[in-house]
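Coordinates in review
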Amino acid sequence: MKLLTIVIPAYNVETYIDRCLSSMCLDDSACMDQLEILVVDDGGEDRTGEIAAGYCERYPESIFFCHKENGGHGSVINYGIKRARGRYFKVVDGDDWLNSRELPGLLDLLAREPADIVASAYRCVEDESGRLLSVKEPTGCEENYGHTVSFDSSQVDQVIKMHSMTIKTSLLQGMGQQIDEHCFYVDAEYIAYPIPLAKNVYYDAREIYCYRLGRGGQSMSLKSMQKNHRMHRRVFDSLAAFYERLPDMSGIRRHYIACCCAQLLENEFQIYISMGNRFSSIDRLRRFDRGVRLEHPAIYGATDKKSIRLLRACNYLILPLAYLALRIKKAKAFR
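Computed from a predicted model, the values in this text were never measured in an experiment. (Residues numbered from 1 in each chain as written. Predicted model: local features only at pLDDT ≥ 70, side-chain atom pairs only at ≥ 80, totals over all residues. Heavy atoms only, no water.)

Overview of the packing of helix α9 (residues 229–244) against helix α11 (residues 281–295)
Close contact between α9 and α11 brings their axes to 12 Å; oriented N to C, the two are set at 15 degrees. What the angle tells us is that α9 and α11 run roughly parallel. Considering the relative orientation of α9 and α11, their crossing is right-handed. Listed contacts from α11 to H229, R233, F236 and E244 of α9 are R284, F288, V292 and E295. (Axes fitted to C-alpha atoms, helices over the stretch in contact; angles between N-to-C directions. Helix = DSSP H or I, 4+ residues; strand = E, 2+ residues; numbered from the N terminus. Parallel < 35°, antiparallel > 145°, perpendicular 65-115°, else oblique. Left-handed = near helix turned anticlockwise from the far one by under 90°. Contact = heavy atoms within 4.5 Å.)

Thoughts on the side chain of E266
Summarising the element assignment, E266 is placed in helix α10 (residues 251–274). No salt bridge is formed by the buried E266, whose closest oppositely charged neighbour, K305, lies at an N-O distance of 4.5 Å. Residue contacts for E266: discarding those within four places in its chain leaves T303, D304, K305 and I308. (Buried < 20%, exposed > 50% of the residue type's maximum accessible area, 1.4 Å probe, protein only. Lys, Arg positive; Asp, Glu negative; His and termini not counted. Salt bridge = Lys/Arg side-chain N within 4 Å of Asp/Glu carboxyl O.)

Details of the environment of Y185
Positionally, Y185 belongs in the loop between α6 (169–174) and α7 (187–192). For the pair Y185 and H232, spaced 47 residues apart in sequence, the C-alpha separation works out to 6.1 Å.

Quick word on helix α13 (residues 306–313)
Side chains of residues three or four places apart in an α-helix project in the same direction, reflecting 3.6 residues per turn. Here α13 has its buried residues at I308, L311 and R312. Angular distribution of buried residues about the axis of α13 spans 100 degrees; they occupy a single face of the element. Across from the buried face of α13, at angles greater than 90 degrees, the exposed residues are K306 and A313. Phi for N315, located one or two positions after α13, is positive at around 55 degrees. (Arc of directions from axis to C-beta.)

What to know about the packing of α9 against α10
In the contact formed by α9 and α10, the axes pass within 10 Å of each other and the chain directions differ by 160 degrees. Judged by the angle between their axes, α9 and α10 are roughly antiparallel. Taken as a pair, α9 and α10 cross one another with a handedness that is left-handed. Across the interface between the two elements, H229, H232, R233, V235, F236, L239, A240, F242 and Y243 from α9 touch R254, I257, A258, C260, C261, L264, L265, N267, E268, I271 and Y272 from α10.

Some details on unusual backbone geometry
Of note in this structure, N12 is not a glycine but carries a positive phi near 50 degrees. The exposure class of N12 is partly exposed, given its relative accessible area of 33%. Residue Y185 is not a glycine yet carries a positive backbone phi of 70 degrees. By relative accessible area, which is 8% here, Y185 ends up buried.

Brief notes about the pattern of salt bridges
If you walk through the whole model with that rule in mind, you get 16 salt bridges. K68 is paired through a salt bridge with D42; the nearest N and O atoms lie 2.6 Å apart. Highlighted residues: K68 in strand β3 (residues 63–68) and D42 in strand β2 (residues 35–42), separated in sequence by 26 residues. D42 shares its class with K68; the two are buried. Here D204 and R206 are joined by a salt bridge, their closest N and O atoms 2.7 Å apart. Residue classification places R206 among the partly exposed residues on the basis of a relative accessible area of 23%. Among the ionic contacts, a cluster of salt bridges with common partners joins E102, D204 and R206.

Details of the nonpolar core
If you look at the biggest cluster of nonpolar residues, it comprises 113 residues, and the most contacted ones within it are I8 and Y190. Per-element tally for this core: the top contributor is α10, with 13 residues. (Core = buried A, V, L, I, M, F, W, Y, C linked by side-chain atoms within 4.5 Å.)

Here we look at the packing of aromatic side chains
Under the defined criterion, the tally for this structure stands at six aromatic pairs. With a centroid separation of 5.7 Å and 70 degrees between ring planes, the pair formed by F236 and F288 is classed as edge-to-face. Placement of the pair is F236 in helix α9 and F288 in helix α11, with a sequence separation of 52 residues. With relative accessibility at 9%, the residue F288 sits in the buried group. For the pair Y272 and F288, a centre-to-centre distance of 6.2 Å together with 35 degrees between the ring planes defines the contact as tilted. One end of the pair, Y272, is in helix α10; the other, F288, is in helix α11, with 16 residues separating them in the sequence. Seen from the ring of Y243, R254 lies directly overhead, with NZ or CZ sitting 5.9 Å from the centre. (Phe/Tyr/Trp six-rings, centres within 6.5 Å; stacked < 30°, edge-to-face > 60°. Lys NZ or Arg CZ within 6 Å of the ring centre and 35° of its normal.)

As structure tokens, this is what we get:
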């Protein structure tokens, strides 16, 4: 048994994989003994495997490499879940990295803390400059840090993102639900599917994960989201169906999962807004959102963004204004 399995989806990331892996190679051999790092080359055609092989030679008991047919981000996560030997599980994309100074502290925490999920802060870093853009906190309540909180309490105040989440492997292996394959945007499934089995979360103030933003071709860029709109809708439909099949549980926990779904709904709005007036986007957004209200009223109501409430109140007719506001916001984000 290892303490922590880190699965690295690595598709054509030869430019980034060295930094990713080096951030996990700690000087403390005892820490390395606690790590299982699975580098999964998802059908790539560059030197990612060659670079990873060098790390495998240096750390044969900690770093392992696999090349498989392309199946998308979800297929790598499914692959890692099946093979993980660590008590805890974390996904780190091959173009991102971890904070080496804080990783030993996380391992120490995992060794003594029995919580089902550890939620840590993470950094958003600009691709080209390396500039720190922001730090994302896993909770809006500072008093939560250093404490274990029940999922059936109102103290779990916001959805825990993939970059924040370190989760017990047993929950992933027991959730009875596979992540969608050959598809983007499956992070939303990964963070939601195990929640019915999770009892609690420990809030950790350490900034563990470093998330690269602004790289060309990223799935969360507006151009990519427009291009892959069908994939995004597929994941929303899968997650909404999952919500409707939920067993009996507390209203608080059910609402938390509805909020996981609502984040995808909010992304759907962003996609339509980014299209401006193209493809009759106002009418398409109206029909989609009204369908959600009829079929998934709890998810519809879990959306708390003021901009979405305003669009609904105005029958979606101010979408062109929202388009202009979105362009200004995106331009400011990378100045």
